[in-house]
Amino acid sequence: MKNTTRNRGFIFKQYDEPFQTPFDKLFDIFKELITHTSGDFDEAIDWLRQLDKEFKLTTPEYTIDDFIADLKNKGYIREKLEQGGGGGVDITSKLEKALRQHALDQIFGKMRKGKSGNHKTNHQGRSDENMGDFRSYQYGDSLEKIALTESLKNAQINHGIGEFALSENDLVVEDTQFKSQMSTVLMIDISHSMILYGEDRITPAKKVAMALSELILTRYPKDSLDIIVFGNDAWPIAIKDLPYLQVGPFHTNTVAGLKLAMEILRRKRHANKQIFMITDGKPSCLNMPDGSYYKNPMGLDPFITSKCYSMAAQARKLGIPITTFMITSDPYLQQFVDEFTASNQGKAYYTGLGDLGEMIFEDYEENRRKRIR
């Protein structure tokens, strides 16, 4: 009698929310708020109290004051003393790391599953990253890499099973790929337009920077990531300072940002180098030789854009691709970005804020697979 298998179809049941302690529930919300307030603890707590009034986040047994006490006891915040006898609250390095991890979890939670392991190049050779394919043994291959089962199978096929013999021609090794190392500079536009028109564009950019830095620190420690911000000028910022990043009353000096990025990458020894640039506006500012600024916020100024194209071409000669993430969709800006990208032979993405993190991470993964020249 044949066994038959019945198709059971889908089974639906009520969703059971994973257990979280009262602290964990509030901590998830707090991490989001402290990122939006650029590290302003008092403002974040004020927002949390307002949300509590509206959505009943706490109970008489666990209040906002209890949550603040736990933050202090767990080492996420510390009291600070100010001149004049005043005081306040600072966030600690432990919370800064938790914010980077939170941003990383958010972005990777949106990405497709199954992308496991470190990134690879297309260059095959002797390394420690197995591909699952086999090739003939070559002089210099490590004996540990010899695939014994496949080699013995070759010996039986080549010499028969009557009298066992194993020759060098029977040996195969599991093929490998080199793990590439990447030097990346992430440029973030902090001009005033990043918070204009009722849209907060700086917080998603800041989250991407925190997540990318945490990814590299934990998964690709041999890679390097430098973060620079650009407004009227450009300057580097430390990873630990990312939660406090704010926009200013600045124009957009793209050329200054590119110059600094290339200066940083010239000092790196990694074979693969790249620049990621997150911006929402046109270049509108230049540094002049006499130390003054040339500014023109009206339209695309050919004097400014020509300098941008020259910098893009210079980066191409140095073998540094630039990937631009334009988080607006103005048609006249697209023309500038297209020409800028053509000058560098890089890439450009016109993306909404919700997709920014996913696109940058996927591009980072892809670029690390490029062949080492």
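What about the overall build of the protein chain?
- Counting secondary structure elements, the protein chain contains 10 helices and 12 strands.
- Within the span of the protein chain, comprising 373 residues, buried residues form 43% of the whole.
- Considering only residue pairs separated by 6 or more positions, the protein chain has 70% of its internal contacts joining residues 24 or more positions apart.

Comments concerning the packing of helix H2 (residues 41-55) against helix H3 (residues 64-73)
- Running from N to C, H2 and H3 cross one another at 145 degrees; their axes reach a closest spacing of 11 Å. With respect to the hand of their crossing, H2 and H3 are arranged in right-handed fashion. Here Phe 41, Ile 45, Leu 48, Arg 49 and Asp 52 of H2 lie close against H3, whose contacting residues are Ile 64, Asp 65, Phe 67, Ile 68 and Leu 71.
- When the residues that make up the contact of H2 with H3 are grouped by side-chain class, the tally is seven nonpolar, no polar and three charged.

What to know about a nonpolar patch on the surface
- Together, Leu 152, Phe 164 and Leu 166 make up a nonpolar patch on the protein surface, roughly 290 Å² of accessible area in all.
- Looking at the element boundaries, Leu 166 is found in the loop between helix H5 (148-159) and strand S4 (172-177).
- Under the relative-accessibility criterion, Leu 166 is labelled partly exposed at 44%.

So, the confidence of the model for the protein chain
- For the protein chain, the average pLDDT comes to 84, and 84% of its residues sit at 70 or higher.
- The spread of mean pLDDT over the elements of the protein chain runs between strand S3 (residues 124-136), the lowest at 55, and strand S7 (residues 234-237), the highest at 98.

So, the sheet that holds strand S5 (residues 182-189)
- Taken in spatial order, the six strands line up as S7-S6-S5-S8-S11-S12 in an open sheet, and their pairing is mixed. Both outer strands of the open sheet, S7 and strand S12 (347-350), are each paired with one neighbouring strand and no more. Taken pair by pair, the neighbouring strands of this sheet meet at an average axis angle of 20 degrees, ignoring direction.
- Here strand S6 (residues 224-230) runs beside S7; their pairing, made up of four bridges, is antiparallel. Its bridge partner being in S7, Ile 227 is matched across the sheet by Ile 237.

Focus: the side chain of Asn 344
- Relative to the elements of secondary structure, Asn 344 occurs in helix H9 (residues 331-344).
- Residue classification places Asn 344 among the buried positions, given a relative accessible area of 3%.
- A polar atom in the side chain of Asn 344 sits 3.1 Å from the backbone oxygen of Ile 320.
- Asn 344 has contacts with Ala 312, Ala 315, Arg 316, Ile 320, Pro 321 and Ile 322, leaving out every residue within four places of it along the chain.

Some words on unusual backbone geometry
- With a phi close to 55 degrees, Ser 38 is a non-glycine residue in the positive phi region.
- Summarising the element assignment, Ser 38 is placed in the loop between helix H1 (22-36) and H2.
- Accessibility expressed as a relative area gives 13% for Ser 38, which makes it buried.
- The phi torsion at Gln 345 lies on the positive side, around 55 degrees, for a residue other than glycine.
- Topologically, Gln 345 is positioned in the loop between H9 and S12.
- Classification of Gln 345 as exposed rests on a relative accessible area of 63%.

What counts as what
- Residues numbered from 1 in each chain as written.
- Predicted model: local features only at pLDDT ≥ 70, side-chain atom pairs only at ≥ 80, totals over all residues.
- Heavy atoms only, no water.
- Helix = DSSP H or I, 4+ residues; strand = E, 2+ residues; numbered from the N terminus.
- Buried < 20%, exposed > 50% of the residue type's maximum accessible area, 1.4 Å probe, protein only.
- Contact = heavy atoms within 4.5 Å.
- Axes fitted to C-alpha atoms, helices over the stretch in contact; angles between N-to-C directions.
- Left-handed = near helix turned anticlockwise from the far one by under 90°.
- Nonpolar A, V, L, I, M, F, W, Y, C, P; charged D, E, K, R; others polar.
- Patch = residues over 30% accessible without salt bridge, like charges linked within 9 Å, V, L, I, M, F, W, Y side chains within 5 Å.
- Areas by Shrake-Rupley, 256 points an atom, 1.4 Å probe, with all protein chains shown as cover.
- Salt bridge = Lys/Arg side-chain N within 4 Å of Asp/Glu carboxyl O.
- pLDDT = per-residue confidence, 0-100.
- Pairing = 2+ DSSP bridges.
- Polar contact = N/O pair within 3.5 Å; in protein donor to acceptor, adjacent residues only side chain to side chain.

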